[in-house]
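# Working through the structure, step by step
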Amino acid sequence: MIWPWISSLLSFPRSAGATAPESIAQPSQPESTNGVATQPIAFWRYYARLSFQTPLTDLKRDGEVRRQHPPKLQPIQRSGKGCGDWIPYRSDGFVAVAELSSAQMECWTAESGVQREPKLRLLIRFREIFESKVLHVDQKLMQIYALVDQDGARSVASSLMGEHFPDDVFVAELTTLRGIGLQKALHLWNAGLRTPAMVQAASDAELRAIRGIGPKLIAQIRSQAVA
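Notes on the structure follow. (Residues numbered from 1 in each chain as written. Predicted model: local features only at pLDDT ≥ 70, side-chain atom pairs only at ≥ 80, totals over all residues. Heavy atoms only, no water.)

Below, the discussion takes up the overall build of the protein. Check the secondary structure of the protein and you find 10 helices and 5 strands. Residue burial in the protein is summarised as follows: out of 227 residues, 40% are buried. Sequence-distant contacts in the protein: of pairs separated by 6 or more residues, those separated by 24 or more amount to 58%. For the protein, the exposed area adds up to about 12,900 Å²; of that, 52% sits on carbon and sulfur atoms. (Helix = DSSP H or I, 4+ residues; strand = E, 2+ residues; numbered from the N terminus. Buried < 20%, exposed > 50% of the residue type's maximum accessible area, 1.4 Å probe, protein only. Contact = heavy atoms within 4.5 Å. Areas by Shrake-Rupley, 256 points an atom, 1.4 Å probe, with all protein chains shown as cover.)

As structure tokens, then:
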């Protein structure tokens, strides 16, 4: 049984430049197993998680189609959610709802909708700024504020932003340092150490002045490779 509230989501999306491969674009006759008509899975389409914390590489692969079962993607560190999920489609172009796991169902229903394309474009531009190796953190913040304040982006951005945006995205990045949880990351952020690289570049005296950071954690921070 297909739930009425998701029936409009079943057909293969035609946006984001992603289309089904030509060889499976036309519906095929369902196979029969024990007298029951079935539609085998023909391909998988990647749905990126629409979040400011989803890496740029994963946002850009949204809509990617594969014929063979793709490997599971690595989750965002400490986020509790993955970067996205591969959704199976039948050869007739409809989602294979019966084959969805609970995680796939959650991803598919959450990441579909009329505002998906504007959200995806906004997130890609955000991550281009956020992941820049050239811009200083203050320049990134200025460009991010300008981005979400554009007339065409305000309503889209408001549906994605948390209460403490964009600080929360930068704070989450600090937790990629081993030994740094959310509370310590907030202390680092408030002390002006706003990226993992800035934390590593800080002196021992600067780090010891931050609550919860002692010699052992400083040594652990120093031992890590930071991009």
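Right, let's get into the pairing of strand β3 (residues 41–48). Here β3 lies mainly inside the structure; 7 of its 8 residues are buried. Pairing geometry for β3 and strand β4 (residues 65–66), over 2 bridges, is antiparallel. Paired with Trp-44 across the bridge in β4 is Arg-66. (Pairing = 2+ DSSP bridges.)

Let us look at the side chain of Thr-175. Turning to its location among the elements, Thr-175 is positioned in the loop between α6 (167–174) and α7 (182–190). Residue classification places Thr-175 among the buried positions, given a relative accessible area of 9%. Looking at Thr-175, its side chain comes within polar contact range of the main-chain oxygen of Ala-172, at 2.5 Å. (Polar contact = N/O pair within 3.5 Å; in protein donor to acceptor, adjacent residues only side chain to side chain.)

Scanning all chains against the criterion turns up 8 aromatic pairs. Arranged with centres 5.2 Å apart and planes meeting at 5 degrees, the rings of Phe-43 and Tyr-89 form a pair that is stacked. With Phe-43 in strand β3 and Tyr-89 in strand β5 (residues 84–90), this residue pair connects regions lying 46 residues apart in the sequence. Judged by relative accessible area, Tyr-89 falls into the buried class, the value being 0%. Measuring from ring centre to ring centre gives 5.1 Å for Tyr-46 and Trp-86, while their planes differ by 50 degrees; the resulting arrangement is tilted. Of this pair, Tyr-46 sits in strand β3 while Trp-86 sits in strand β5, and the two are 40 residues apart along the sequence. Judged by relative accessible area, Trp-86 falls into the buried class, the value being 5%. Within the aromatic cluster, the residues linked to one another by ring pairs are Phe-52, Phe-126, Phe-130, Phe-165, Phe-170 and Trp-189. It is Arg-61 that lies over the ring of Tyr-46; its NZ or CZ is 5.4 Å from the centre. Taking the ring centre of Trp-189 as reference, the NZ or CZ of Arg-194 above it sits at 4.5 Å. (Phe/Tyr/Trp six-rings, centres within 6.5 Å; stacked < 30°, edge-to-face > 60°. Lys NZ or Arg CZ within 6 Å of the ring centre and 35° of its normal.)

According to the stated counting rule, one finds 11 salt bridges in the structure shown. One salt bridge in this structure joins Arg-127 and Glu-131, with 2.9 Å as the shortest N-O distance. Between Asp-149 and Arg-154 there is a salt bridge, with its nearest N and O atoms 3.4 Å apart. You can call Arg-154 partly exposed: its relative accessible area is 42%. Sharing partners across several salt bridges, the network here consists of Lys-60, Arg-125 and Glu-128. (Salt bridge = Lys/Arg side-chain N within 4 Å of Asp/Glu carboxyl O.)

Our focus in this paragraph is the packing of helix α3 (residues 116–130) against helix α4 (residues 137–148). Axis separation between α3 and α4 bottoms out at 9 Å; the angle between their running directions is 165 degrees. Considering the angle they form, α3 stands roughly antiparallel to α4. Pair α3 / α4 crosses with right-handed handedness. Across the interface between the two elements, Leu-122, Arg-125, Phe-126, Ile-129 and Phe-130 of α3 pack against Lys-140, Gln-143, Ile-144 and Leu-147 of α4. (Axes fitted to C-alpha atoms, helices over the stretch in contact; angles between N-to-C directions. Parallel < 35°, antiparallel > 145°, perpendicular 65-115°, else oblique. Left-handed = near helix turned anticlockwise from the far one by under 90°.)

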